Amino acid sequence: MVRLVAKLRDWEPLDWDATFDALASVLDCQAPLDDELEELAQRLRGALMQIVTIAVAGLADEDEEAAVLIARARTLRSVELPGNYWMALGHLRRLGWVTSELVELLSRTGHFKDAA
């Protein structure tokens, strides 16, 4: 019970504006600057962690598409940002796509009502 209360105190709601800004930055035709990559990676990893937690709680056992996206998200979150700009950009775009796909799936299934 003490652990649960501590986790609730530390819980931060998902910042949709920051998440969608990060997604726009990494998925846009105009690639982000090199000095923006690390911050974008941190923002996407944080948002993705929260989104995966919601997906696991709501869909993982009953939805095969969710299970595949959750597994891909966990794998991508665990990978360090490559040092090469183009490889880092590719990694960020993969993070962006899996984030976007999970948000879309959770919106479609009614888990996120005001995300879109």
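Rules used in this analysis
- Position labels on residues start from 1 in each chain and follow its written sequence.
- Restriction of local features to residues with pLDDT of at least 70 applies here, the model being predicted, together with a cutoff of 80 or more for giving and counting side-chain atom pairs; totals for whole chains, interfaces and linings are based on all residues.
- Calculated side-chain values reflect all of the structure's heavy atoms, with hydrogen atoms and water omitted.
- Counting from the N terminus, the helices are DSSP H or I runs at least four residues long and the strands are E runs at least two residues long.
- Whether a residue is buried, partly exposed or exposed follows from its accessible area with a 1.4 Å probe, protein chains only, as a fraction of its type maximum: under 20%, in between, or over 50%, in that order.
- Contacts between residues were defined by any pair of non-hydrogen atoms, one from each residue, lying within 4.5 Å.
- Angles run from 0 to 180 degrees between N-to-C directions of axes, and those axes are lines fitted to C-alpha atoms, restricted for helices to the stretch in contact.
- Oblique is the label for every angle not falling under 35 degrees (roughly parallel), over 145 degrees (roughly antiparallel), or within 65 to 115 degrees (roughly perpendicular).
- Two helices crossing with the near one rotated counterclockwise from the far one by less than a right angle form a left-handed crossing, whereas a clockwise rotation gives a right-handed crossing.
- Here is the rule: rings of Phe, Tyr and Trp (six-membered ring for Trp) pair when centre to centre is within 6.5 Å. Planes less than 30 degrees apart are stacked, more than 60 are edge-to-face, and the remainder are tilted.
- Expected span of a helix: the number of residues minus one, times 1.5 Å.
- Polar contacts, as used here, are pairs of N or O atoms within 3.5 Å; protein pairs need one atom able to donate a hydrogen and one able to accept it. Residues neighboring in sequence count only if both atoms are side-chain atoms.
- When we speak of the arc, we mean the arc of directions from the helix axis to the C-beta atoms.

### Structural notes on the overall build of the chain
(1) Moving on: Along its length, the chain carries five helices and zero strands.
(2) Moving on: Starting at the N terminus and walking to the C terminus, you meet the elements of the chain as α-α-α-α-α.
(3) Moving on: Looking at the chain as a whole, 34% of its 116 residues qualify as buried.
(4) Moving on: Expressed as a percentage of contacts within the chain between residues at least 6 apart in sequence, the contacts between residues at least 24 apart total 70%.

### Digging into the packing of helix H3 (residues 37-58) against helix H4 (residues 64-78)
(1) Moving on: The N-to-C vectors of H3 and H4 enclose an angle of 150°; their axes lie 10 Å apart at closest approach. Considered as vectors, H3 and H4 are oriented roughly antiparallel to each other. As H3 runs across H4, the sense of the crossing is left-handed. Where H3 approaches H4, its residues Arg45, Leu48, Met49, Val52, Ala55 and Val56 are matched on the opposing element by Ile70, Ala73, Arg74 and Arg77.

### A few points about the packing of aromatic side chains
(1) Moving on: Applying the stated rule across the entire model yields two aromatic pairs.
(2) Moving on: Relative to Phe20, the ring of Trp16 has its centre 5.5 Å away and its plane inclined at 25°; by these criteria the two rings are stacked. Remark: Phe20 and Trp16 occur in helix H2 (residues 16-27); sequence separation between them is four residues, near one turn of the helix.
(3) Moving on: Taking relative accessible area as the criterion, Phe20 reaches 31% and is therefore assigned partly exposed.
(4) Moving on: Here Tyr85 and Trp86 contribute two aromatic rings whose centre-to-centre distance is 4.8 Å and whose plane-to-plane angle is 85°, an arrangement assigned as edge-to-face.

### Some words on H4
(1) Moving on: Across its 15 residues, H4 extends 22 Å between first and last C-alpha, which sits within 8% of the 21 Å expected from 1.5 Å per residue.
(2) Moving on: On its buried face, H4 sits against H3 and helix H5 (85-108).
(3) Moving on: Two or three places before Glu65, at the start of H4, stands the capping residue Asp63, its side-chain oxygen 2.9 Å from that residue's backbone nitrogen.

### Points about H2
(1) Moving on: Given a rise of 1.5 Å per residue, twelve residues ought to cover 16 Å, and the 16 Å separating the end C-alpha atoms of H2 matches this to within 8%.
(2) Moving on: Every buried residue of H2 is listed here: Trp16, Thr19, Ala22, Leu23 and Val26. Take H2 and look down its axis: the buried residues cluster within an arc of 130°, on one side only.
(3) Moving on: Contact partners of the buried residues in H2: H3 and H5.
(4) Moving on: Put simply, Asp15 is the residue that caps the front of H2, since its side-chain oxygen is 3.2 Å from the backbone nitrogen of Asp17.

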